[in-house]
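Now for the letters of each chain:
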Amino acid sequence: MSLTIDITGLPGERLLFTPSPLAELTSMLHVLAEPAHHPGLHGWAASTTAAIPPGLSERLLEADFLWRSSRADFLVPGLPGASLGEELDAVDRIDDELYVAAALITTCGSSRLTHRLGSPLTDPVAGERARDLALARGPRQAAFADRLLADPPAVRALVRRMLEDCGRAFFADAWRSVLPDLAADARRKADLLARHGLAETLAAVSGSVGLEDGEDGRRRIVIDKLQDNATAATESGGVTFIPTAFGRPHLLVVHTRGWRPVVQYPVGEAGVPEPVSLALVQQRLEALAHPVRLRLARTMARGPHTTGELAAAWQLTAPEVSRHLAVLRRAGLLTTRRRGRYVLYQLDLAVGTRLGSDLLEAMLR
């Protein structure tokens, strides 16, 4: 499963690497709404939640579906500004139909909302469909959808005031602390693009992002995501890459038609392993799912063994053991070292320890 961004013929200068205050604020709001997704930020989430004024907490709860499961597209700017206020001004310039459609997709939990339907603001069928989907998600979502459809300017003003209040309550201090690292990462990626090309740059963004030159002559950025989707950067003039300190494990992509594609990627952290692709996690789980390989892995977890030792321990032939060891090695689950003319195999305990967290990160990405 993957999302592709067609960049055929797109010049390198149309690939933008830059931080975004609004995108980082809504990443923080997602952490507060779903702290279980971000175990490394539990301390920050707990202290920030405790410090937020009760009135603001209630307002955030009313609107948290704008960033809890997915992010409304207008909260992840395609052309980031220098300040939160500047980016909110740009959001204010979006017309009501585009704003309402983006908000309702997250509110209703369905990108099919406008499929083959008109605008929910002018098409009664689309509006009723939005209300039905929102009601299925819960009463708060239904109330928000009703208010948004009835009076878009009032709801837009409410959301802006709420984000500005977040800026004063907790975001400004957090933004000052992370901005230097985010700006430095964006500069490194831009320099890598200029010096070494797009393929190496995308690999540095994430192991789940790659470059594909298709047989049809099209060039695409390929991103490991939950659903198969496609968009084109040529229609919007480029692709924006936004580093985040609060986003891991998520790799957020804005790809709705009519919006500039945006990839918000987590910056690397010292001492934290690089994310592992879902394909590799699946390969490792499948390698360990075989009962014989699982027995061999448990044996090698206790110490290094030769092929002959493993064969004798489990009444297998040496060729059988070798075939199973090859599968485990291809999955990156083994380490090897030589002792004279023998090769010793051992389970990579660090990889095994991370397998559960790698699986969770890959599913949440």
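Here the structure is a predicted model, which is why all the values come from computation and not from measurement. (Residues numbered from 1 in each chain as written. Predicted model: local features only at pLDDT ≥ 70, side-chain atom pairs only at ≥ 80, totals over all residues. Heavy atoms only, no water.)

Description of the overall build of the protein
Line of reasoning, step 1. Check the secondary structure of the protein and you find 14 helices and ten strands.
Line of reasoning, step 2. Classification of the 365 residues of the protein by burial places 47% in the buried group.
Line of reasoning, step 3. Carbon and sulfur atoms provide 54% of the accessible area of the protein, an area that totals close to 17900 Å².
Line of reasoning, step 4. Measuring between centres, the 42 positive side-chain charges of the protein sit 9 Å from its 42 negative side-chain charges. (Helix = DSSP H or I, 4+ residues; strand = E, 2+ residues; numbered from the N terminus. Buried < 20%, exposed > 50% of the residue type's maximum accessible area, 1.4 Å probe, protein only. Areas by Shrake-Rupley, 256 points an atom, 1.4 Å probe, with all protein chains shown as cover. Lys, Arg positive; Asp, Glu negative; His and termini not counted. Charge placed at Lys NZ, Arg CZ, Asp CG, Glu CD.)

Notes on the packing of helix α1 (residues 21-33) against helix α8 (residues 152-196)
Line of reasoning, step 1. Relative to each other, α1 and α8 sit at 110 degrees, their axes nearing to 9 Å. With respect to α8, the axis of α1 lies roughly perpendicular. Contacts from P21, L22, E24, L25, M28, L29 and L32 of α1 reach α8 at L163, C166, F170, F171, A174, W175, V178 and L182.
Line of reasoning, step 2. Taken together, the residues that form the contact of α1 with α8 break down as 14 nonpolar, no polar and one charged. (Axes fitted to C-alpha atoms, helices over the stretch in contact; angles between N-to-C directions. Parallel < 35°, antiparallel > 145°, perpendicular 65-115°, else oblique. Contact = heavy atoms within 4.5 Å. Nonpolar A, V, L, I, M, F, W, Y, C, P; charged D, E, K, R; others polar.)

Considerations on the environment of W175
Line of reasoning, step 1. As for its placement among the helices and strands, W175 is situated in helix α8.
Line of reasoning, step 2. W175 gets classed as buried once you look at its relative accessible area, which sits at 11%.
Line of reasoning, step 3. The spatial distance from the C-alpha of W175 to the C-alpha of W259 is 25 Å, given a sequence separation of 84 residues.
Line of reasoning, step 4. Residue contacts for W175: discarding those within four places in its chain leaves P19, S20, P21, E24, M28 and L182.

Some thoughts on the sheet that holds strand β6 (residues 239-244)
Line of reasoning, step 1. Taken in spatial order, the four strands make up an open sheet running β2-β6-β8-β7, and their pairing is mixed. Taken across any chain shown, the strands that pair with only one partner, and hence form the sheet edges, are β2 (15-17) and β7 (252-254). Averaged over all pairs of adjacent strands, the angle between strand axes in this sheet comes to 15 degrees, irrespective of strand direction.
Line of reasoning, step 2. As paired strands, β2 and β6 are joined by three bridges and run parallel to one another. Note on β6: the bridge partner recorded for L16 is T240.
Line of reasoning, step 3. Sheet strands touched by α8: β2, β6 and β8 (262-266). Its angle to β2, the strand with the most contacts, is close to 150 degrees.
Line of reasoning, step 4. The strands touched by helix α9 (residues 198-205) within the sheet are β2, β6 and β8, with β2 carrying the most contacts at an inclination of about 35 degrees. (Pairing = 2+ DSSP bridges.)

Quick notes on α9
An α-helix turns once every 3.6 residues. As a result, residues three or four positions apart point the same way.
Line of reasoning, step 1. Within the sequence span of α9, burial applies to L198, T201, L202 and V205. Considered in projection along α9, the buried side chains sweep an arc of 95 degrees and stay on one side of the axis.
Line of reasoning, step 2. Residues of α9 that are buried in the fold lie against β2, α8, β3 (209-213), β4 (219-224), β6 and β8. (Arc of directions from axis to C-beta.)

Topic: the sheet that holds β3
Line of reasoning, step 1. One open sheet holds the four strands; their spatial order is β3-β4-β1-β5, and the pairing between them is mixed. Across the chains shown, the open sheet's two edge strands, defined by having one partner strand only, are β3 and β5 (229-232). Across this sheet, the average inter-strand angle for adjacent strands is 25 degrees, counted without regard to direction.
Line of reasoning, step 2. Relative to β5, strand β1 (residues 2-6) runs parallel, the two being bridged by four bridges. Considered in β5, the bridge of D6 is made with A232.
Line of reasoning, step 3. Most of the contacts of α9 go to β3, to which it runs at about 155 degrees, and overall it touches β3 and β4.

Here we look at the packing of aromatic side chains
For any pair of aromatic rings, the description rests on two quantities: the centre-to-centre distance and the angle between the ring planes.
Line of reasoning, step 1. Applying the stated rule across the entire model yields six aromatic pairs.
Line of reasoning, step 2. Between F17 and F241, the ring centres sit 4.7 Å apart and the planes meet at 15 degrees, which makes this aromatic pair stacked. Note that F17 is positioned in strand β2 and F241 in strand β6, a separation of 224 residues in sequence. An identical accessibility class is assigned to F17 and F241; each is buried. (Phe/Tyr/Trp six-rings, centres within 6.5 Å; stacked < 30°, edge-to-face > 60°.)

Overview of empty space enclosed by the protein
Line of reasoning, step 1. Summed over the entire model, instances satisfying the criterion amount to two cavities of 30 Å³ or more.
Line of reasoning, step 2. Each pocket or cavity is described by its volume, and for the largest cavity that value is around 80 Å³.
Line of reasoning, step 3. Lining the largest cavity, in full, are L22, F74, L75, L88, V91, D92, Y99, R156, V159, R160 and L163.
Line of reasoning, step 4. Breaking the lining of the largest cavity down by element, the ones donating at least two residues are α4 (84-92) and α8.
Line of reasoning, step 5. Sorting elements by how many residues they give to the lining of the largest cavity places α8 first, with four residues.
Line of reasoning, step 6. Among the residues forming the lining of the largest cavity, the class breakdown is eight nonpolar, no polar and three charged.
Line of reasoning, step 7. Reported here for the second largest cavity is a volume of approximately 30 Å³.
Line of reasoning, step 8. Together, S206, P249, L251, P266, P275 and R365 line the second largest cavity.
Line of reasoning, step 9. A per-class count over the lining of the second largest cavity returns four nonpolar, one polar and one charged. (1 Å grid on protein atoms, 1.4 Å probe; cavity = no way out; pocket = protein on both sides within 12 Å on 5 of 7 lines; lining within 4 Å. Points joined across faces, edges and corners; volume = space filled by probe spheres on them.)

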